[in-house]
Amino acid sequence: MTIWLNGSLHDEDSARVSVFDHGLTVGDGVFETLKAVHGRPFALPRHLTRLADSARGLGLPAPDLDEVRRACAAVLDANPMPLGRLRITYTGGLAPLGSDREATAPTLVVALGPTTRRPDTTTVVTVPWTRNERGALAGLKSTSYAENVVALARAREHGATEALFANTVGDLCEGTGSNVFVVLDGELHTPPLASGCLGGITRALVLEWTGAQETTLPADVLDHAEEVFLTSTLRDVQAVTAVDGRALPAAPGPVTAKAARIFEERSAADIDP
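I will try to describe carefully the structure that is included in this document. Everything numeric here is computed off the predicted structure, so don't read it as measured data.

Moving on: the packing of aromatic side chains. As enumerated under the stated definition, the model contains four aromatic pairs in all. A ring pair is formed by F31 and Y145, whose centres lie 5.2 Å apart and whose planes are at 80 degrees; its orientation type is edge-to-face. Placement of F31 in strand β3 (residues 29–37) and of Y145 in the loop between β7 (121–131) and α4 (146–157) is noted, with a sequence separation of 114 residues between them. F31 sits in the buried class, given a relative accessible area of 4%. Three or more aromatic residues joined by ring pairs make a cluster, and in this case those are F42, W209 and F263. Cation over ring: K35 sits above F42, and NZ or CZ is 5.4 Å from the ring centre. One Lys or Arg, R131, reaches over the ring of F165 and ends 4.0 Å from the middle of that ring.

Written out as structure tokens, the structure reads:
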């Protein structure tokens, strides 16, 4: 694979980041993952806006979004594939072995890997750990992802592909790399950003295109929701067939199926919604 690193393309054997990069030593960085279809990135402007917002929230210098666009285009041109995962990583750059930063240039990496279309349905579990809706990283797409790694490993141990978190006050929040929607009395709901969840790009589009409501929901809503689905860049709209072993045998239910159909049609019609 050919990778963009700090201003130029490199093959994967020569693309190297210093062991003193703050993104490696303390997770001081932000990132975006985009779906790329036949060399075209989906919703790139929205992802770049969120990248800049996350960098600002972390106190990193504003990324040069023109350079990021050039990097994405160069990597996509150099690595043709029908369906890819495009990853933009932006870190604090070289720094001491601690939390302090130095006035050095940030690190920018853009890489692409092949992926496949996700299954139409999946299963999820809840985990005992919580999201801190008042934490410094709440709502930021930070590279400090270790708690997601731990939670996703728990999900895999139980045969699921995603783990869902509550926040510190017991409200439903999000998955390790997804947002969650539930159907109650035929109406579609998702937790608000105030819950501490990430403002997912797919989440935002589903809200815009379906009229779903942002609603504060207790975590135990999953015990009686009529339908549940996940959204993310690579999942799109994915129906959930079981939560903690509670079967949702009709999945995808009618509301989920409609949301999935709308998303598929609208996203296919406009690469930059």
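So, next bit.
The next subject is the pattern of salt bridges. Tallying each qualifying case throughout the model produces 11 salt bridges. The salt bridge involving R101 is made with D28; its shortest N-O contact spans 2.7 Å. Note that R101 is positioned in the loop between β5 (83–91) and β6 (107–114) and D28 in the loop between α1 (22–25) and β3, a separation of 73 residues in sequence. Assessed through its relative accessible area of 7%, D28 is described here as buried. For R131, the salt bridge is made with E147, and the minimal N-O distance between the two is 2.5 Å. Note that R131 is positioned in strand β7 and E147 in helix α4, a separation of 16 residues in sequence.

Before going further, it helps to examine the nonpolar core. Judged by nonpolar contacts, the single largest core of 24 residues is most densely connected at L86, I88 and V110. Of all elements in the fold, only β3, α2 (44–58), α3 (65–78), β5 and β6 reach the threshold of two or more residues within this core. With six residues, α3 is the single largest residue contributor to this core. Dropping the residues within four chain positions of it, L86 is found in contact with E32, T33, L34, P41, C72, V75, L76, V110, A111 and L112. In this structure, L207, W209, A259 and I262 belong to the second largest nonpolar core, which totals 17 residues.

Moving on, we come to empty space enclosed by the protein. A probe as big as a water molecule, rolled over the atoms, marks out the empty space that is left. Inspection of the entire model under this criterion finds one cavity of 30 Å³ or more. Of the pockets and cavities examined, the largest cavity occupies roughly 40 Å³. Surrounding the largest cavity, L34, K35, F42, H47, I201, T202, T233 and D236 form its lining. Counting residues per element, the ones that place at least two in the lining of the largest cavity are β3 and α5 (201–210).

Right, let's get into the sheet that holds strand β1 (residues 2–5). Strand order in the open sheet formed by six strands is β2-β1-β6-β5-β3-β4, with antiparallel pairing between adjacent strands. Where the open sheet ends on each side, the last strands, each with one partner, are β2 (8–11) and β4 (40–41). The pairing of β1 with β2 spans four bridges and is antiparallel. The residue bridging I3 from the neighbouring strand is H10, located in β2. Against the sheet, α2 touches β3, β4 and β5, its axis set at about 170 degrees to β3.

Our next topic: the environment of T115. Mapping T115 onto the fold places it in the loop between β6 and β7. Placed 74 residues apart in sequence, T115 and H189 show a C-alpha to C-alpha distance of 29 Å.

The peptide bond linking A251 to P252 adopts the cis configuration, its omega dihedral lying at -5 degrees. Tracing the backbone shows P252 in the loop between β15 (246–247) and α6 (254–269). In this structure, A43 is a non-glycine residue whose phi angle is positive, near 55 degrees. With respect to the helices and strands, the residue A43 is situated in the loop between β4 and α2.

Now for the layout of surface pockets. Estimates place the volume of the largest pocket at around 1200 Å³. What lines the largest pocket is a set of 50 residues, among which K141, Y145, T176, G177 and S178 lie closest to the centre. Elements that contribute at least two residues to the lining of the largest pocket include exactly β3, β5, β7, α4, β9 (172–175), α5 and β13 (227–232). Among the elements that make up the lining of the largest pocket, the one with the highest residue count is α4 (five residues). Here the residues of the lining of the largest pocket sort into 12 nonpolar, 25 polar and 13 charged. Estimates place the volume of the second largest pocket at around 620 Å³. For the second largest pocket, the lining is made up of 29 residues, of which K35, R117, D236, E264 and S267 are closest to its centre. Of all the secondary-structure elements, those providing two or more residues to the lining of the second largest pocket are β3, β14 (236–243) and α6. The element contributing the most residues to the lining of the second largest pocket is α6, with nine residues. Among the residues forming the lining of the second largest pocket, the class breakdown is 14 nonpolar, six polar and nine charged.

Thresholds, definitions, all that
- Residues numbered from 1 in each chain as written.
- Predicted model: local features only at pLDDT ≥ 70, side-chain atom pairs only at ≥ 80, totals over all residues.
- Heavy atoms only, no water.
- Phe/Tyr/Trp six-rings, centres within 6.5 Å; stacked < 30°, edge-to-face > 60°.
- Helix = DSSP H or I, 4+ residues; strand = E, 2+ residues; numbered from the N terminus.
- Buried < 20%, exposed > 50% of the residue type's maximum accessible area, 1.4 Å probe, protein only.
- Lys NZ or Arg CZ within 6 Å of the ring centre and 35° of its normal.
- Salt bridge = Lys/Arg side-chain N within 4 Å of Asp/Glu carboxyl O.
- Core = buried A, V, L, I, M, F, W, Y, C linked by side-chain atoms within 4.5 Å.
- Contact = heavy atoms within 4.5 Å.
- 1 Å grid on protein atoms, 1.4 Å probe; cavity = no way out; pocket = protein on both sides within 12 Å on 5 of 7 lines; lining within 4 Å.
- Points joined across faces, edges and corners; volume = space filled by probe spheres on them.
- Pairing = 2+ DSSP bridges.
- Axes fitted to C-alpha atoms, helices over the stretch in contact; angles between N-to-C directions.
- Nonpolar A, V, L, I, M, F, W, Y, C, P; charged D, E, K, R; others polar.

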